[in-house]
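Here's the letter readout for the chains.
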Amino acid sequence: MKPLLLDASFPKLVNDITVAKAQIDQLNKVPDFETMSREMMLEVRLWHAFYLISNNRSEEAAPIIDTLVFDESYSDMPHLYVSWLWLARMTIFISNSDYMLALGAAENALLQMVEITNKKKEDFLAILASLLYNLASVHNSIGDGARAKKELTKCQKLFERLVKKNERRFSPMLLYAIEASTSIITSKTQQMNVLKHYDDEVKLYTGMLNNGDSKKTREALINLVNSLKKEGDIMLEMGNGRNAAKYYTKALRYQKKVSSHMGHKELVLSIGLAKALNKVANRRESAEQLLQSLHPLAKRLNATNELIEIENLLNNKNKNTNIMSLLKSIF
């Protein structure tokens, strides 16, 4: 599973900390807390921890988080903020494969969340969905697949609700959760059912890509395409042409959201689809037609390896046809 995107769960702050953000981001300098109210100071520290983790500086973020959650002087911090800090700490533990500590952080986050009275707010649901995603990741890593599957399913449903409220904020994490199905749900039928359920949502929530509005959504969609291709490759190796064709078809459909033109990635996916169709008795003619249409594309892209593969597949098809004809004439 891909690491959690913490920005989806980062709570809305009360104070305007734009100046402090600029000092941290542009000058790599922690602002002077003496000039701030205590509430603003807490929010700047919270955002600083988020900033460090987002920029692959988790080792620097960890002591900031530990200070905030363990120091008695911060005991009056809002439960929502503390629960996010424990979620962030859990994410760091997962990145270091410290799964037992990650579960401890999850428990601490939940202890804070039960104290929150309004459990229908967007920020609360975002932290809960993200916590479930992390729990699914942990349980999958330690071999508890059944628990991971339940947590992922709940996570997907929550992010599905949240995306309808705030597409820009939550669509990347919904795509991450959908992608995780390919690694956590072992049944290929169930995997395809999940993809089928979210098919329209993926099309809808990735509409913003045409306007270049969301880099994270684009990256999440690329990850989903890569995972679907990997599943197609596995099915192809196992000789399961029908399932392989389904995964390659989905991958190509979502890839069109990333790029509107036929490039090398589209060529590779299409060759995989042709190979899958070739393993299905009544789809071999379609496979041959697809390969023939891909031949000029491979030439145009100067994709030498793919061109050779296409020609070999077409030649092998002809040889197999001749062999079958000769065998029929003998018998």
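For clarity, every value in this text was computed on a predicted model and none was experimentally measured.

Colleague: Looking at this model, I keep getting lost on unusual backbone geometry. Mind explaining?
Modeller: With the exception of glycine, the majority of residues adopt a negative phi angle, and the majority of peptide bonds are in the trans configuration. Despite not being glycine, Asn56 has its phi angle at roughly 55 degrees, a positive value. Its place among the elements puts Asn56 in the loop between α2 (38–54) and α3 (58–70). Even without a glycine there, the phi angle at Ser97 is positive, about 60 degrees. You can see Ser97 is positioned in the loop between α4 (79–95) and α5 (99–113). The exposure class of Ser97 is partly exposed, given its relative accessible area of 44%.

Colleague: Just checking my understanding: could you explain the confidence of the model for the protein chain for this structure?
Modeller: Do not read the predicted coordinates in detail wherever pLDDT is low. Across the protein chain, the average pLDDT comes to 89, with 92% of residues at or above 70. Summarising per-element confidence for the protein chain, the mean pLDDT is lowest in helix α14 (residues 304–330) (75) and highest in α4 (97).

Colleague: Looking at this structure, how should I read the pattern of salt bridges?
Modeller: One side chain can pair with another of opposite charge once the charged atoms of both are near each other. This structure, assessed with the given rule, holds 15 salt bridges. For the salt bridge of Glu179 with Lys2, the shortest nitrogen-to-oxygen distance reads 3.0 Å. You can see Glu179 sitting in helix α8 (residues 167–184) and its partner Lys2 sitting in the segment before α1 (18–27), a full 177 residues away along the chain. Classification of Lys2 as partly exposed rests on a relative accessible area of 29%. Between Asp233 and Lys229 there is a salt bridge; the shortest N-O distance is 2.7 Å. In this pair, Asp233 and Lys229 both sit in helix α10 (residues 215–237), four residues apart, roughly one turn of the helix. Residue classification places Asp233 among the partly exposed residues on the basis of a relative accessible area of 25%. Taking relative accessible area as the criterion, Lys229 reaches 25% and is therefore assigned partly exposed. One network of salt bridges, in which partners are shared, links Lys12, Glu122, Asp123 and Arg169.

Colleague: Explanation requested: the packing of aromatic side chains in the structure shown.
Modeller: The geometry of two aromatic rings is summed up by the distance between their centres and the angle between their planes. The tally for this structure, following the rule as stated, stands at six aromatic pairs. Both rings, one in Phe10 and one in Trp84, keep their centres 5.0 Å apart while their planes meet at 90 degrees; by these two values the pair is edge-to-face. Within this pair, whereas Phe10 is found in the segment before α1, its partner Trp84 is found in helix α4, the two being separated by 74 residues in sequence. Classification of Phe10 as buried rests on a relative accessible area of 12%. Among the aromatic residues, ring-to-ring pairing joins Phe10, Phe50 and Trp84 into one connected group.

Colleague: Would you take a moment to explain the layout of surface pockets for this structure?
Modeller: Empty space among the atoms can be located by rolling a probe the size of a water molecule over them. By volume, the largest pocket amounts to about 490 Å³. Every residue lining the largest pocket is counted, 21 residues in all, and those nearest its centre are Pro3, Leu4, Leu5, Ile53 and Thr91. Among the secondary structure elements, those contributing two or more residues to the lining of the largest pocket are α2, α4, α6 (122–141) and α10. A class-by-class count of the residues in the lining of the largest pocket yields 10 nonpolar, seven polar and four charged.

Colleague: Looking at this structure, I do not really get the packing of α5 against α6. What am I missing?
Modeller: Axis angle and axis distance: for two packed helices, these are the angle between their axes and the distance between the axes, and together they describe the pair. The N-to-C vectors of α5 and α6 enclose an angle of 155 degrees; their axes lie 10 Å apart at closest approach. Taken together, the axis directions place α5 and α6 in an arrangement best described as roughly antiparallel. The way α5 lies across α6 gives a crossing that is left-handed. Facing α5, whose interface residues are Tyr99, Ala102, Leu103, Ala106, Ala109, Leu110 and Met113, α6 presents Phe124, Ile127, Leu128, Leu131, Leu135, Val138, His139 and Ser141. The residue inventory of the contact of α5 with α6, partitioned by class, reads 13 nonpolar, two polar and no charged.

Basis of the calculations
Residues numbered from 1 in each chain as written. Predicted model: local features only at pLDDT ≥ 70, side-chain atom pairs only at ≥ 80, totals over all residues. Heavy atoms only, no water. Helix = DSSP H or I, 4+ residues; strand = E, 2+ residues; numbered from the N terminus. Buried < 20%, exposed > 50% of the residue type's maximum accessible area, 1.4 Å probe, protein only. pLDDT = per-residue confidence, 0-100. Salt bridge = Lys/Arg side-chain N within 4 Å of Asp/Glu carboxyl O. Phe/Tyr/Trp six-rings, centres within 6.5 Å; stacked < 30°, edge-to-face > 60°. 1 Å grid on protein atoms, 1.4 Å probe; cavity = no way out; pocket = protein on both sides within 12 Å on 5 of 7 lines; lining within 4 Å. Points joined across faces, edges and corners; volume = space filled by probe spheres on them. Nonpolar A, V, L, I, M, F, W, Y, C, P; charged D, E, K, R; others polar. Axes fitted to C-alpha atoms, helices over the stretch in contact; angles between N-to-C directions. Parallel < 35°, antiparallel > 145°, perpendicular 65-115°, else oblique. Left-handed = near helix turned anticlockwise from the far one by under 90°. Contact = heavy atoms within 4.5 Å.

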